[in-house]
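# Structural overview for review
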Amino acid sequence: MWRSPARGRTATRFRGILRPLPEVGGARRAARSLEAAAPSCGFGVGLCVASRGRTRSSGAERVSRPSAPGDPSEASGDATAPTADGWAWRLAAPAAIGGVLVAHGLAQLRWVTAEAWRPAVLVVLAAAAAGLLATLAVRRFHADRVAAEPRTPAVRGTRGAAALPLLALLLGYAAWSSVAAERLARDDVARLVGPVAVPVVLEGRLVGTVKIKAADRGAFAAFNYRRPRTLGRLEVSGRFDAAAGGMIPARGTVLLKVNRPAPLLAEGQRVRVTGKLQAFTPAENPGSYDFAAAMERAGIAGRLTVRKATGVEVRLAEENLARDAALLRQALRTRAWNGLERGFESGSGPAALLGSLLLGRADVVLDDLREDFRVVGLSHLLSISGAHLGVLVLLMVGVCRGLPVHPRTATLAVLAAVAFYLLLVPVRVPVLRAALMAACFLGPSVFGRRLPAGRALTIAALAVLAWRPHDLFAPGFQLSFLAVWAIVRFAKPIAERLHPPPLVTDAATGRTPAGAVQRGFFEIIGVSLAAAAATAPLVLHHFGIFSPLAVPGSVLSWPLFGFVLGLGHLKLAIGMLWPEASSLLAGPLSVALAFSASLVRLAASLPGVAWVPARPVPLLWTLAALLFVIALLHGVGSGRPRPRLLVAAALLLAGSLAVTQGVQERFDSPPDLRLTMLAVGDGSAWLVESGGGTLMFDCGSSTIAQVGEREVAPALRALGVRRIDTLVISHADLDHFSGVLELADALPIGRVLCSPEVTNEARDLPAGAAAVLLDGLAARRIPLGEVTAGGTWRIGTIGAACRVLWPPPGLTLADARNSNDHSIVLRVELPAEMQTERPARSILLSGDIQQHAITALLAAGAPLRSTLADLPHHGSVVRASPDWLAAADPAILLQSTGRRRLERDKWRAILEENPRVRLASAAVGMVQITLESDGSLAWSTHRGGSGRMTLEEEERLPLRPAERSPSKGHK
């Protein structure tokens, strides 16, 4: 293409912002190393690489080089020589990018006063500015030298040096954004959020998908009182203020939870909500999912709970573009799902699976199948990502090739199809990343250009982080971009290594279908191997699972799922236009989906399909393993392994493993006696460890669904527990055994002991929860036995004695009409030879006993005195509660309860008269108390609290049974 000299100079100056620096000496190698490391090193270096994109002029790539005296290009006015003016344009690029980001951070802090600025942020920004100015000065000096002496060699690493101040600016922007996230505006609704629920009236607009979450799943779902509930996000625009006498402006986003189905609520509606606003509960046990942190990353301030759907009043919204766009998107999603579901049985598994694959729908029908996908290592197939969009792009390309359209028009049609598909699916990081990469790949082709894959990935990462900077630390972001970077960097070399291309290609035979299938098969192997190997350390670190079948499963499943996705996209398109015709494709899709689900279930049932470490994988080991895997993939793909790099990575991996193992062995020696109270809301889950033996007392909750799978099993793995020798079920209330079967699926259990009430209820009510429990234990071949008062056994190598104090043999409902009084009371005591000067080094677990059982134990003179004791019935108070406290005389009281009971605390008055250390799970999370070798007690909580109590401090506790007579009258 011809350009006039004047226009050429202007265009060259403009493109000089993105033109690379002179690639002389080590600069080219530094640039290549930066380009290889950019996608994995975060957005700082990546942006520097993205900003140095090569430009093309008249189809030829131009590279700036020093001009010799008398060079014709200098006389012609073509600005390819590194003049001082050209250098100024090039140096303006990183400064402009950094300035835009810092300005964006300042805009976020428009309401923060100067005294609120954090010194650390200012230091980072000052260092970044100083580094940038220094780099500009060095480069300007070097430009002057090149202009004066054209044969002056380039400074080595100039491009790498330019990345450092830009990276510092980006880190400063991230720090500044963090300050903005932590500071709250005066009208931010987050100022109302706290651990205690407060009544509020909020007004705003529903954003995102509003969905009805079905009742809980699991073996005991039928016995749970929780009903289906409605969940959505509310973008707040106002709140009611009593002082102002009406609504005042407010901002922020909250999670709306209606404890009833509300099918009339939809995205885009303007509503006024009357409910209770409360902060999310942080993770209360090690290893459990931190929902509060996830909501904080998403910018959601708290949970707004409404008891009935009448608490949500749909307002007549004003006409605006945002409302119309939200309503249009909701209508399109509804039409897409109706067309996709046409021809399937309503609520069937194939329809739910297809909806998850194509529309990202989360159906309760798929909960069990989703877990099988996770175990096999194929959970990425259920998450809409680049592969799903890739199938759509291939379909559109095939359609456009069959039509007489211009390539530019075909590209625009493909981009339009991708943009329309984004309206139908939830906006998540994998979807956004895939769409941005598709735009980066296809967009330049509209203008006859191409963008390298690595650079497209970098731009996508920058866009996501500019939108949501905190996603840098989210597992989804890390796994998504790391997997794609590994595919871009290593998939093709690995495929060529496994199946080398012929040296001489015959045009007649090189394009046969058999050859294409063979190449495609090895490309799938390369993609699967690169993605699975690169992400395995992070998956093990974040989710605590390693699936050996991930690579072969991906290779074998992608042809089948590719067929399902292709046919599904076709059904989706037809269903949007002609729903009745789309039902013709339901038959083959049902067969393919059912066959796919059967294969996944079969693979998940194989022994050794997944490996779960006993403890969380430390970060040091994860980084070392990641370095080793990348070095190994580089060697396999290039065919030129670097022994030094592999040896260094292997030594680092071994060293980190030795260090972490040594630390664990140092702090994880079998305790003489340790009690762990897991935080399970309104429920009970206690772990007793002694001499390497383990005892579990109860495992259930009435407020946390699937508590064994979500809370207890991950916490026990994080604590290093690999087996439960004995599990005691105190009585037949569901909140004491609802997680037993899930725990049995996660960890081996030697035997289960229960009170006679459990077996009696299972016999009397064959369809009840107790019967389901006993049937599940029998199906898992776990021995079951009954225990009553007088039963004893020992645990661990030191022989800690377990003694049942209650219920007595033959206790009937006529004797104790309250079922809680049938609960087991267990005492665990160290052997006599290990007791210190103060006797009764023991643990007392009382279950749910109430007035009848407490009175009978006191009258019988049962040995209740103990070092550690839990408050009976989660902290309920009866008339005999003060007498129980006097008899037990514990040094530390523990209370396993939820928030509501703690808010209505009836033990506070009793403990004000008789001070004791009390640790409640609703306040501090999981509690772990260890009996030290010197007889002192040391405790720690999951939320960071800790303490110690020596024997002398314990002796000075005010309450002694001999010093105080039993009191009456507390209610």
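Read on for a plain summary of the structure. These numbers come from a predicted model, not from an experiment.

Here the focus is the packing of aromatic side chains. A full pass over the atoms with the stated rule returns 5 aromatic pairs. Between the aromatic rings of Phe-373 and Phe-561, the centroid separation amounts to 6.1 Å while the plane-to-plane angle is 75°, which identifies the pairing as edge-to-face. Of this pair, Phe-373 sits in helix 11 (residues 367-376) while Phe-561 sits in helix 18 (residues 550-577), and the two are 188 residues apart along the sequence. Comparing Phe-373 with Phe-561, the two get one shared label, buried. Ring geometry for Trp-485 against Phe-490: centres 5.6 Å apart, planes inclined by 85°, an arrangement best described as edge-to-face.

Strands sit in the order 15-14-13-12-11-10-23-24-25 across an open sheet of 9 strands; the sheet is mixed. Two strands in the sheet have a free side with no partner beyond their single neighbour: strand 15 (784-786) and strand 25 (946-949). Pairs of neighbouring strands in the sheet enclose a mean axial angle of 20°, with direction left out of account. As paired elements, strand 10 (residues 674-677) and strand 11 (residues 683-690) share 4 bridges and run antiparallel to each other. Bridge assignment links Arg-674 to a residue of strand 11, and that residue is Glu-689. Across the sheet, helix 23 (residues 707-718) touches strand 11, strand 12 (693-701) and strand 13 (724-729), and the angle it forms with strand 12 is around 155°.

Further remarks concern the sheet that holds strand 18 (residues 825-829). Strand order in the open sheet formed by 7 strands is 16-17-18-19-20-21-22, with mixed pairing between adjacent strands. For this open sheet the edge positions go to strand 16 (792-795) and strand 22 (917-920), each flanked by a neighbour on one side alone. Averaged over all adjacent pairs, the angle separating strand axes in this sheet is 20°, with direction ignored. Where strand 18 and strand 19 (residues 842-845) come together, 4 bridges link them in antiparallel fashion. Considered in strand 19, the bridge of Arg-827 is made with Leu-844.

Tracing the sequence through the fold places Trp-884 in helix 28 (residues 881-888). Between the C-alpha atom of Trp-884 and that of Leu-864, which follows or precedes it by 20 residues, the distance is 8.2 Å. Setting aside residues no more than four positions away along its own chain, Trp-884 makes contact with Leu-844, Ser-846, Ile-854, Leu-858, Leu-864, Ala-869, Asp-870, Leu-871, Pro-872, Leu-893 and Trp-907.

Calculation criteria
Residues numbered from 1 in each chain as written. Predicted model: local features only at pLDDT ≥ 70, side-chain atom pairs only at ≥ 80, totals over all residues. Heavy atoms only, no water. Phe/Tyr/Trp six-rings, centres within 6.5 Å; stacked < 30°, edge-to-face > 60°. Helix = DSSP H or I, 4+ residues; strand = E, 2+ residues; numbered from the N terminus. Buried < 20%, exposed > 50% of the residue type's maximum accessible area, 1.4 Å probe, protein only. Pairing = 2+ DSSP bridges. Axes fitted to C-alpha atoms, helices over the stretch in contact; angles between N-to-C directions. Contact = heavy atoms within 4.5 Å.

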